[in-house]
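Fold and contact review
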Amino acid sequence: MSHRRRLALLGGGFSTDEDGLLDDWVLGQARTPRPKVCFLPTASGDAPAYIEKFLAAFRGRPDCEPSVLRLFERELDDDALRAFLLAQDVVYVGGGNTANLLAVWRAHGVDRLLRAAYDQGSLLCGISAGANCWAEASLTDSFGPLTFLPNGLGLLPGSVCPHYDSEPGRRPSYRSAVATGALPAGWALDDGTGALFTDGRLTEAVSRAPGASVYRVTDGGGAADERALPCRALTAR
């Protein structure tokens with residue numbers, strides 16, 4: 001039995017937005033009406049305040065079953081970890097340090113388990129570092145100044161740049177990196193947007209903020225070619 005492989009890049013969610021529109025959208029993409037949603041706060045070092053913010057946003061919702069996977073105080077053995085992650089309908093990855101996130105995942109074998117979950121139809125998603133990690137490469141501040149991270153999980157072809165409109169230097173740095181070939185062509189997200197990919201292809205772009213966009217950025221022959229994509233406006237139900 002083949003499954004659609006899906007992942008979503010988020011420019012917001014429970015950690016930054018009060019309206020819950022992007023989180024509603026994510027849950028609406030799940031394969032079940034009441035999905036199991038696991039939060040991975042690895043990029044923040046399993047910050048307790050971040051975990052509590054996730055639980056406060058999701059624990060009282062009747063349309064999901066939330067949980068948290070901590071790796072800095074890991075409690076599950078390898079078999080239990082595999083069973084737990086493969087049982088999730090949605091894996092929601094928080095922001096923080098992308099390079100540290102990938103290193104910890106690889107040390108615990110979580111990178112391989114997430115690939116297996118993806119192949120079995122779980123929706124993978126995340127904000128900031130949690131968006132960067134799925135691509136082949138990304139623009140990151142993991143090492144201080146903005147630079148290139150070439151060794152993402154590679155589930156999404158190309159590169160990713162979050163915070164395109166909100167953090168100084170993101171836009172020109174990403175455009176320059178793509179134009180010079182330092183990063184492959186990819187996707188940039190303004191805060192307040194989301195992009196859904198099915199089998200590696202963009203199938204929907206959404207926005208909760210007027211004027212916020214998702215962009216396709218490619219090498220236009222020595223200069224970056226940036227194209228804003230149509231976004232469906234998210235509204236309260």
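Everything in this summary refers to the structure shown in the same document. (Residues numbered from 1 in each chain as written. Predicted model: local features only at pLDDT ≥ 70, side-chain atom pairs only at ≥ 80, totals over all residues. Heavy atoms only, no water.)

On to the sheet that holds strand 13 (residues 224-229). Pairing in this open sheet of six strands is mixed, and the strands run 7-6-8-9-12-13 from one edge to the other. Strands at the two margins of the open sheet, each flanked by one partner only, are strand 7 (147-149) and strand 13. Averaged over all adjacent pairs, the angle separating strand axes in this sheet is 25°, with direction ignored. (Pairing = 2+ DSSP bridges. Helix = DSSP H or I, 4+ residues; strand = E, 2+ residues; numbered from the N terminus. Axes fitted to C-alpha atoms, helices over the stretch in contact; angles between N-to-C directions.)

Another point: helix 5 (residues 110-119). Of all 10 residues in helix 5, seven are buried; the element is thus mostly enclosed. Of the residues making up helix 5, those classed as buried are Val 110, Asp 111, Leu 113, Leu 114, Ala 116, Ala 117 and Tyr 118. Buried residues along helix 5 sit against strand 1 (6-10), strand 2 (36-40), helix 3 (78-86), strand 4 (90-93), helix 4 (98-108) and strand 5 (123-127). Just past helix 5, the residue Gly 121 takes up positive phi, approximately 105°. (Buried < 20%, exposed > 50% of the residue type's maximum accessible area, 1.4 Å probe, protein only. Contact = heavy atoms within 4.5 Å.)

Spatial ordering of the open sheet is given by 3-2-4-5-1-10-11-14, a layout of eight strands whose pairing is mixed. The two strands at the open ends of the sheet, each matched to only one other strand, are strand 3 (65-68) and strand 14 (232-233). Alignment of strand 2 against strand 4, held across four bridges, turns out to be parallel. The partner of Cys 38 across the bridge, within strand 4, is Val 91.

Turning next to the pairing of strand 13. Here strand 12 (residues 214-219) pairs with strand 13 via six bridges, running antiparallel. Paired with Val 214 across the two strands is Leu 229, which belongs to strand 13. Hairpin remark: strand 12 followed by strand 13, antiparallel, with four residues in the connecting loop; positive phi at Gly 221, about 85°.

Relative to each other, helix 4 and helix 5 sit at 85°, their axes nearing to 5 Å. Taken as axis vectors, helix 4 and helix 5 run roughly perpendicular relative to one another. Residue-level inspection shows Trp 105, Arg 106 and His 108 of helix 4 in contact with helix 5, the latter providing Val 110, Asp 111 and Leu 114. (Parallel < 35°, antiparallel > 145°, perpendicular 65-115°, else oblique.)

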